[in-house]
Amino acid sequence: MSSLLHRIMNDVQELPTLPTVYHALTEAVEQPIILIDKVAEVISKDQATAFKILKVTNSPFYGFRGKIDTISKAIMFLGINEVKNIVFSLSVARMFSKVNKIKGFTQQDLWGHSIAVGILTRVIGQIQGIKNVENYFLAGIIHDIGKLVLMEYAHDEYARVFEMVNQKKCFVHEAEKEVLGIDHSEVGLLLAQKWKMPESIASSISYHQTGVIDGKPDQLVGSVHLANFISRLFNLGFPGDNFVPQPNMAVWNSITIPNKFFLSTSNKLFEDFDHTISVMLYS
Amino acid sequence: MNEKELPVDKVEVGTELASNVVNKYNQVLISAGSRFEEKHRFLLKTWGIKQVKVKIESENKNFSFSEEQKLEALNELKERMFWSPRNDIETELVQIAVERICKSKAAIK
């Protein structure tokens, strides 16, 4: 194991745990009977989170457009899992909000890319007829979390990675391997394990670059892989390098997207992206 | 973006609804602006709703840019993308990316 990975493993153990509100929601979801008012009360105690949930819920992304004025309604309309995932995304964004920027790459850039991948992964999940697409958004939004950890815990070494990206015009993960001996998917996996994220989410972090798990297609991992490719192609956010990898053909063979789907929905997609960015990052 | 009435069975998942879908009591079942989901098909059938109004983007919108503009945008894209499309969906996505570059260049001018 590389010494850097060993050091990061130790540092990750020191990372703050997710906030109380997230754990309270996790417990609530595991109860046989979910009491919406009780859950709403827990969320409402964290006013900043409650406010943002209402803003996100009323965004065009969900289509309710200003009709959701209480947390209870947000839970009823979106479902507790979706609300939980929004709380999670907001908590992680807040947790890493003080990360020092690296020349040519900021955490704001990365969140833009992550939100785009979250939205696109969800859309691809919907096209596949997945019933619970909440996890698709979460898997997309968290797939590059390892980059944030590296920015925070290996700042100087990570700055060298971006020097190489600019000089060699290569992908971030290639420069990471060369400079650090590890890449962000390995680091992200450590955090997912520390936070006890579901196996499917951990796999999306580990395998989003190839889109398959040990050569076998997986619907969620494949969706994140395609979403990552599309967000780079459309220049939605900035993942640290400008390049567009060609998707794995095995993923195209396992995920069907109807012809002209994106031609007929791309404007809505760009609108959703702009709005979600403004709500999650700037309000 | 144009609007069009479509039979519920023909609406593709992900399509944006152009107007509220209401039941016979005028209660909103799905709001305008929502994306159509598979579960909506069952909901609408339950209420006996056969058609909905959806937003359709013009497939010819790319023609608002000249061939020269599109070629310039494609060349710009090729500085970041070192492969050629292998299937219809990759071709479609590259076409949208080219259009997006054309639009952003037009906005700057």
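Residues numbered from 1 in each chain as written. Chains lettered and ligands numbered in written order. Predicted model: local features only at pLDDT ≥ 70, side-chain atom pairs only at ≥ 80, totals over all residues. Heavy atoms only, no water.

K.L.:
Would you mind showing me how to read the overall build of chain B here?
P.N.:
A count of helical and extended segments in chain B gives 3 helices and 4 strands. The order of helices and strands in chain B, counted from the N terminus, is β-β-β-α-β-α-α. Scaling as 2.2 N^0.38, a compact globule of 109 residues should have a C-alpha radius of gyration of about 13 Å, whereas chain B reaches 19 Å, well beyond that. C-alpha extents for chain B along the principal axes are approximately 55 × 30 × 20 Å. When burial is assessed residue by residue, chain B has 42% of its 109 residues classed as buried. Put simply, 59% of the contacts in chain B that link residues at least 6 apart link residues at least 24 apart. Within the structure as shown, chain B displays about 6,500 Å² of accessible surface, and the carbon and sulfur contribution to it stands at 51%. Here chain B contributes 19 positive and 18 negative side-chain charges, whose respective centroids are spaced 5 Å apart. (Helix = DSSP H or I, 4+ residues; strand = E, 2+ residues; numbered from the N terminus. Rg over C-alpha atoms; globule rule 2.2 N^0.38 Å. Buried < 20%, exposed > 50% of the residue type's maximum accessible area, 1.4 Å probe, protein only. Contact = heavy atoms within 4.5 Å. Areas by Shrake-Rupley, 256 points an atom, 1.4 Å probe, with all protein chains shown as cover. Lys, Arg positive; Asp, Glu negative; His and termini not counted. Charge placed at Lys NZ, Arg CZ, Asp CG, Glu CD.)

K.L.:
Would you explain the domain arrangement of chain B in this entry?
P.N.:
A common measure of how large an interface is: the accessible area buried when the components associate. Domain annotation of chain B identifies domain 1 (2-56) and domain 2 (61-108). Domain 1 of chain B and domain 2 of chain B are separated by 32 Å when their C-alpha centres are compared. (Domains from an automatic or database assignment.)

K.L.:
Is there a simple way to explain the side chain of A:S204 in this structure?
P.N.:
Residues and elements named next belong to chain A. When you line up the elements, S204 lands in helix 13 (residues 199-207). Note on S204: relative accessible area 0%, which makes it buried. Sequence-distant contacts of S204, defined by excluding residues within four places in its chain, comprise A139, H143, L220, V221 and V224.

K.L.:
How do you make sense of the pattern of salt bridges when you look at a structure like this?
P.N.:
Where charged atoms from two side chains of opposite charge come close, those side chains can pair. Counting across every chain of the model gives 18 salt bridges over all chains. In this structure, B:K70 and B:E67 form a salt bridge, with 3.2 Å as the shortest nitrogen-oxygen distance. A residue pair is termed a helical-turn pair when its members lie 3 or 4 positions apart in one helix, as B:K70 and B:E67 do in helix 2 (residues 67-78) at 3 residues. Salt bridges linked by common partners bring A:K268, A:D272 and B:R35 together as one network. (Salt bridge = Lys/Arg side-chain N within 4 Å of Asp/Glu carboxyl O.)

K.L.:
What is the right way to read the environment of A:E178 from this model?
P.N.:
Residue and element names in this part refer to chain A. Within the element layout of this structure, E178 appears in helix 11 (residues 172-180). Through-space distance from the C-alpha of E178 to that of V161 is 8.2 Å; in sequence the pair is 17 residues apart. Look past the residues within four positions of E178 in its chain and what remains in contact with it is M164 and K168. There is a polar contact of 2.9 Å between the side chain of E178 and the side chain of K168. (Polar contact = N/O pair within 3.5 Å; in protein donor to acceptor, adjacent residues only side chain to side chain.)

K.L.:
Got a minute to help me understand the packing of helix 4 (residues 47-57) of chain A against helix 6 (residues 80-95) of chain A in this structure?
P.N.:
When two helices pack together, their arrangement is given by the angle between the helix axes and the distance between those axes. All names here are of chain A. The interhelical angle for the contact between helix 4 and helix 6, taken along N-to-C directions, is 120 degrees, at an axis separation of 10 Å. Between helix 4 and helix 6, the crossing angle belongs to the class labelled oblique. For the element pair helix 4 and helix 6, the recorded crossing hand is right-handed. On the side of helix 4, the interface is formed by A48, T49, K52, I53 and V56, while helix 6 contributes V83, I86, V87, L90 and R94. (Axes fitted to C-alpha atoms, helices over the stretch in contact; angles between N-to-C directions. Parallel < 35°, antiparallel > 145°, perpendicular 65-115°, else oblique. Left-handed = near helix turned anticlockwise from the far one by under 90°.)

K.L.:
How do you make sense of the interface of chain B and chain A when you look at a structure like this?
P.N.:
On the chain A side, the residues contacting the 35 residues of chain B number 39 residues. Carbon and sulfur atoms supply 53% of the area that chain B and chain A bury against each other, a total of about 3,400 Å² over both sides. Contact with chain A buries surface across chain B, with B:R35, B:R80 and B:R100 losing the most and accounting together for 22% of the total. Inspection of the region where chain B meets chain A yields 1 salt bridge. The salt bridge involving B:R35 is made with A:D272; its shortest N-O contact spans 3.2 Å. Inspection of the region where chain B meets chain A yields 16 residue pairs in polar contact (both at pLDDT 80 or more). Along the lines of polarity and charge, the residues of the side of chain B that touches chain A split into 12 nonpolar, 8 polar and 15 charged. (Buried area = accessible area lost by both parts, 1.4 Å probe. Nonpolar A, V, L, I, M, F, W, Y, C, P; charged D, E, K, R; others polar.)

K.L.:
Sorry, what's going on with the nonpolar core here?
P.N.:
Taken as a class, soluble globular proteins show a tendency for nonpolar side chains to be buried jointly. Core analysis: the biggest nonpolar cluster contains 116 residues, and A:I8, A:I43, A:L233, A:F234 and A:I257 have the highest contact counts within it. When sequence neighbours within four positions are dropped, the list of residues in contact with A:I8 reads A:V149, A:L150, A:A154, A:I182, A:V187 and A:L190. Formed by 11 residues, the second largest nonpolar core is a distinct cluster that contains B:I30, B:I49, B:V52 and B:V54. (Core = buried A, V, L, I, M, F, W, Y, C linked by side-chain atoms within 4.5 Å.)

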